[in-house]
Amino acid sequence: MLAGALACGTAPAQGDAGGHRHTLSVSAGAWPSTYDQEVFDGRSSVWGCWFYDPDLNGLWSGEGDTYYGDMRTSGAVSLSYGYRALPWLAVKLSATYTGIYQKSYSAADGSRRDDLSRHYFYFMPGVDFFWLRRPCVEMYSGLEIGAGFVVADDWDYSNKGFAGGQLTLAGIRIGRGRFYFMSELGFGMRGIATAGGGIRF
């Protein structure tokens, strides 16, 4: 895919593809981090959402009368706006949502007790540095630092605020004209691997 995209043009773009200044994109991310990644319901987890040790899922709680099912997540869903300040530099703002869901059951008869959920919201300004610019493909790295909060119906720390961030090691945009496909590899609140699409204007 990358070789084909590079073949579509050899002259560096003077700005983004087509000379557009603004971008609006939607993406989904796998394995996002959350601020409470150390402990979830008293059981250790790694990076908040998807990297759970299977031996720690579905265990009896310390209360002795409640059983917690496996945790599920929506992954990270992000909406991002970017402005190309220089041909090699864009400033941006991302809004990200991640949901985590779990059910609890009675140890006595297996009946469902509660549907537990946590909803994380992040708002992160950042920058992207474009180190490859061609008419229909661009590659970049970036950094976002911001803040967020959690809404939880069944946990006592609902509405707590916290810091958040995203380090993009390598990202790619493919597409000539207004529309493009994007994918990123990185680490943070928007996930380790993300994919989506956007529009230039």
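Structural data are supplied above this passage.
Residues numbered from 1 in each chain as written. Predicted model: local features only at pLDDT ≥ 70, side-chain atom pairs only at ≥ 80, totals over all residues. Heavy atoms only, no water.

1. Section: unusual backbone geometry
Formally: Secondary structure is summarised from DSSP: a helix means a run of H or I of at least four residues, a strand means a run of E of at least two, and numbering begins at the N terminus for each. Here's how the labels work: a residue is buried when its accessible area is under 20% of the maximum for its type, exposed when over 50%, partly exposed in between, all with a 1.4 Å probe on protein chains only.
Unlike most non-glycine residues, Trp 31 shows phi in positive territory, near 55°. Within the fold, Trp 31 resides in the loop between β1 (22–30) and β2 (39–40). Using a relative accessible area of 33% as the deciding quantity, one classes Trp 31 as partly exposed.

2. Details of the pairing of strand β9 (residues 161–174)
What counts, and what does not: Only when DSSP finds a minimum of two bridges between them are two strands counted as paired.
For strand β8 (residues 137–152) and β9, the ladder comprises 12 bridges, and the chain directions are antiparallel. Residue pairing for β9: Gly 142 is matched across the bridge by Thr 168. Note that β9 and strand β10 (residues 179–188) share 8 bridges and pair antiparallel. The residue of β10 that forms the bridge with Leu 167 is Phe 187. Between β9 and β10, which pair antiparallel one after the other, the connecting turn spans 4 residues, and Gly 175 there sits at a positive phi close to 150°.

3. A short note on the side chain of Thr 194
Which entries qualify depends on this criterion: The contact rule is simple, with two residues in contact once any of their heavy atoms fall within 4.5 Å.
Relative to the helices and strands, Thr 194 resides in strand β11 (residues 193–200). In this view, Thr 194 contacts Ala 28, Gly 29, Met 182, Ser 183 and Glu 184; residues no more than four positions away in its chain are not counted.

4. Re the packing of aromatic side chains
Note on aromatic pairs: each is described by the distance of the centres and the angle between the planes. Put simply, the test is: Note on aromatic contacts: the rings of Phe and Tyr and the six-membered ring of Trp form a pair at centre separations within 6.5 Å, being stacked when their planes are under 30 degrees apart, edge-to-face when over 60 apart, and tilted otherwise. Criterion for a charge above a ring: Arg CZ or Lys NZ at most 6 Å from the ring centre, at most 35 degrees from the ring normal.
Per the counting criterion, the structure on display carries 7 aromatic pairs. Ring plane angle 70° and centroid distance 6.4 Å describe the contact between Tyr 120 and Phe 162, whose orientation is recorded as edge-to-face. In this pair, Tyr 120 sits in strand β7 (residues 112–134) while Phe 162 sits in strand β9, placing the two residues 42 residues apart along the sequence. Look at Phe 162 and you get buried, because its relative accessible area is 11%. Pairing Phe 130 with Tyr 140 gives two aromatic rings, centres 5.3 Å apart and planes at 45°, and the pair type is tilted. Note that Phe 130 is positioned in strand β7 and Tyr 140 in strand β8, a separation of 10 residues in sequence. Taking relative accessible area as the criterion, Tyr 140 reaches 1% and is therefore assigned buried. Ring-pair connections join several aromatic residues into one group, and the members of that group are Tyr 97, Phe 121 and Phe 149. The ring of Phe 130 carries the charged tip of Arg 84 above its face, separated from the ring centre by 3.8 Å.

5. A closer look at the pairing of β1
Pairing of β1 with strand β5 (residues 72–86) involves 8 bridges; the strand directions are antiparallel. Of the residues in β5, the one forming a bridge with Ser 25 is Ser 80. With 8 bridges connecting them, β1 and β11 associate as antiparallel partners. From the neighbouring strand, Gly 29 faces β11, where its bridge partner is Thr 194.

Any functional reading would require information beyond the geometric quantities listed.
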